[in-house]
Amino acid sequence: MSQGRLQPVPQQPDLLTVDSLRVSFGRATDEKAVVRSISFSLRPGRCLAIVGESGSGKSVTARALIGLAGRYANVHARQLSFDGTSLMGLSDRAWRRIRGNEIGFVLQDALVSLDPLRRIGKEIGEGLLLHGAVSSRKELAQRVIALLKLVGVPDPETKAKQLPHQLSGGQRQRALIASALALDPRILIADEPTTALDVTAQAHVLSLLEETKTRGKALILISHDLAVVSRVADEILVMREGEVVERGNAGQIFKDPEHPYTKQLLDAVPSGRPRGSRLSPSAIVRVPARQTQPEVQSPPKSRPILLEATSLVKRFKGPDGTLRTAVDGVSFELRSGETLGIVGESGSGKSTMARMVLALEEPDEGAVQFAGRPWTALAERERRARRRSLSTIYQDPLGSFDPRWTVGRIISDSLSSDVETRRKRQERVIELLDLVGLSQALLDRRPLELSGGQRQRVAIARAIAPNPAVIVCDEPVSALDVSIQAQVLDLLGYLKDRVGLSYLFISHDLSVVRHISDRVIVMRRGRIVDSGATEEIFRNPESEYTKSLIAAVPRLVRDHQIGRSATILEEGIA
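Residues numbered from 1 in each chain as written. Predicted model: local features only at pLDDT ≥ 70, side-chain atom pairs only at ≥ 80, totals over all residues. Heavy atoms only, no water.

1. Regarding the sheet that holds strand S10 (residues 235-240)
Thinking step 1. On the basis of which strands lie adjacent, the open sheet formed by six strands has the order S7-S8-S9-S3-S10-S11 and mixed pairing. Whereas interior strands pair on both sides, the edge strands pair on one side only; in this sheet they are strand S7 (103-106) and strand S11 (243-249). On average, each strand axis in the sheet is tilted by 15° relative to the strand beside it, whichever way the strands run.
Thinking step 2. Packing of helix H11 (residues 260-267) onto the sheet brings it into contact with S10 and S11, and relative to S10 it is tilted by some 100°. (Pairing = 2+ DSSP bridges. Helix = DSSP H or I, 4+ residues; strand = E, 2+ residues; numbered from the N terminus. Axes fitted to C-alpha atoms, helices over the stretch in contact; angles between N-to-C directions. Contact = heavy atoms within 4.5 Å.)

2. Remarks on helix H8 (residues 199-214)
Thinking step 1. Taking 1.5 Å as the rise per residue, H8 with 16 residues should run 22 Å; its terminal C-alpha atoms sit 22 Å apart, in good agreement.
Thinking step 2. Among all positions in H8, only Val199, Ala201, Gln202, Val205, Leu206, Leu208, Leu209, Glu210, Thr212 and Lys213 are buried.
Thinking step 3. Backbone geometry just after H8 places Gly216 at a positive phi near 90°. (Expected span 1.5 Å × (residues − 1). Buried < 20%, exposed > 50% of the residue type's maximum accessible area, 1.4 Å probe, protein only.)

3. Brief notes about helix H21 (residues 544-551)
Thinking step 1. Buried within H21 are the following residues: Tyr545, Thr546, Leu549 and Ile550. Relative to the axis of H21, the buried residues are bounded by an arc of 135° and lie together on one face.
Thinking step 2. In this structure, the buried side of H21 is in contact with H8, strand S14 (339-344), helix H19 (510-516), strand S20 (519-524), strand S21 (527-533) and helix H20 (534-539). (Arc of directions from axis to C-beta.)

4. Comments concerning the pattern of salt bridges
Thinking step 1. Throughout the structure, instances matching the rule amount to 29 salt bridges.
Thinking step 2. Arg315 is the partner of Glu365 in a salt bridge, and the nearest nitrogen-oxygen pair spans 2.9 Å. Of the two residues, Glu365 is situated in strand S15 (residues 365-370) and Arg315 in strand S12 (residues 305-317); the sequence distance between them amounts to 50 residues.
Thinking step 3. Here Arg315 falls in the partly exposed class, since its relative accessible area comes to 31%.
Thinking step 4. Across the salt bridge formed by Arg383 and Glu380, the nearest N and O atoms sit 3.0 Å from each other. Of this pair, Arg383 and Glu380 both sit in helix H13 (residues 380-383), three residues apart, which is roughly one turn of that helix.
Thinking step 5. Take Glu380: its relative accessible area is 28%, and that puts it in the partly exposed class. (Salt bridge = Lys/Arg side-chain N within 4 Å of Asp/Glu carboxyl O.)

5. Some thoughts on the packing of helix H7 (residues 169-181) against H8
Two quantities define a packed helix pair, namely the angle between the helix axes and the distance between the axes.
Thinking step 1. The interhelical angle for the contact between H7 and H8, taken along N-to-C directions, is 10°, at an axis separation of 12 Å. Classed by the angle they form, the pair H7 and H8 counts as roughly parallel. Considering the relative orientation of H7 and H8, their crossing is left-handed. Across from Arg174, Ile177 and Leu181 in H7, the residues of H8 making contact are Ala201, Val205, Leu208 and Thr212.
Thinking step 2. Class assignment of the residues belonging to the contact of H7 with H8 gives a composition of five nonpolar, one polar and one charged. (Parallel < 35°, antiparallel > 145°, perpendicular 65-115°, else oblique. Left-handed = near helix turned anticlockwise from the far one by under 90°. Nonpolar A, V, L, I, M, F, W, Y, C, P; charged D, E, K, R; others polar.)

Now the structure itself:
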């Protein structure tokens, strides 16, 4: 070897190799392939992102990599190996040694994934105990608290003692991430890790993922949020109907996508689009032309007030018996034909306030009036006849449906009692399905037989069935992929115009809130810190907190480079 000659830096070997992965369900005579011929490799310190709409095979692919595709799944591959060791045909015992320890997995649905009867601290500490990573209970407790701090959970000592339902959606998601990071695995698979997170928590988790990659760990990121993907990913796979339709480095995909489907996904992102403009290329309903105008004017103050909240206060007892104020002196009004957006960090009191508006929680102080008459001050028997005028769309439609009921029965159950005969009820259900862009062929389907986007549209049909004046939307699009999200936002705008609905729209996604809302209120620690017309709030926020929220919003830009520069901060950009 001659002296002075520069030697090439050796490239690290692949940590994960996937060649021609195929996943199907059913027997040979009735087998349905949901993932077809997927191939990729992953080296330490690199991030591969898999994007695509609901049902494209993203999550099934991820689960197949850790042996959790399902009991009735048929998994085949020319090669599926981790660090040179084949993963095909492993026993359950062998998989248990790999999961968590070598390959960590962040599940998508935190509420379903966490044991409802187990406290958060025990949930996070389980992997540490099973793999013998701690020597005492004291060390276990210290590691759990440190992990909760690492993922940005406030008051970790208290949260570790609480049950999942006592945490906000964003806090539950961070607890799942803490559990996946507990054993410092060499590969982290994150399935929609930021879906339920507010923008500041999202920024914290993204920084954590970037730091994990910097430490030489490999990442597989599955997300419908393309702005999130653009910040972390080195390489992107775009999936549709179980196949990869486009792949390449992140900079190339976002700057110059080749496949029409990839272009469609990018065009559906609401940030940077004119407020109120149509997002989906082929609307699920015929949207009136005026819905596509670049600016939506706020309803005039002459319109009647439908909802009026005055000095709402709600307190809850913590695990130590101390009273904690979740909502502190909140007042607002919602006028006819208006969309009022409510934003704030996880745990800011948004959902608690919504439950008081719906009279599912009783205020400790203050009151809500509905249509000029008392609402929360009434006994339930006095409210019951008016409840149909105030409807709701939940974040998780699957959890709000009876899984045994058909689509037809779910919607029919919400119809007004004025629709008396079975024939008229059936006709009205079909009208509602058509209104939300669904075929009557779905009438006899059950919730588990529908895609995520279909379930959310059924939830919207159910919400408008009793002809309400107001719909409370609690994170209605946060769990949807970007193309279905675009269709649902277009649908909500269409229904507002056609039916004259008013929305109380709660979301952690500021881009979505800006797109659909006429006015916005910003909550922090149970209080309103900013309120006003949407564009005024985004262009000239008054509070430092609102400024920090807007600064934390990732905005997708089509002509950027790979990595952190792939995302710019939406600091009041029009």
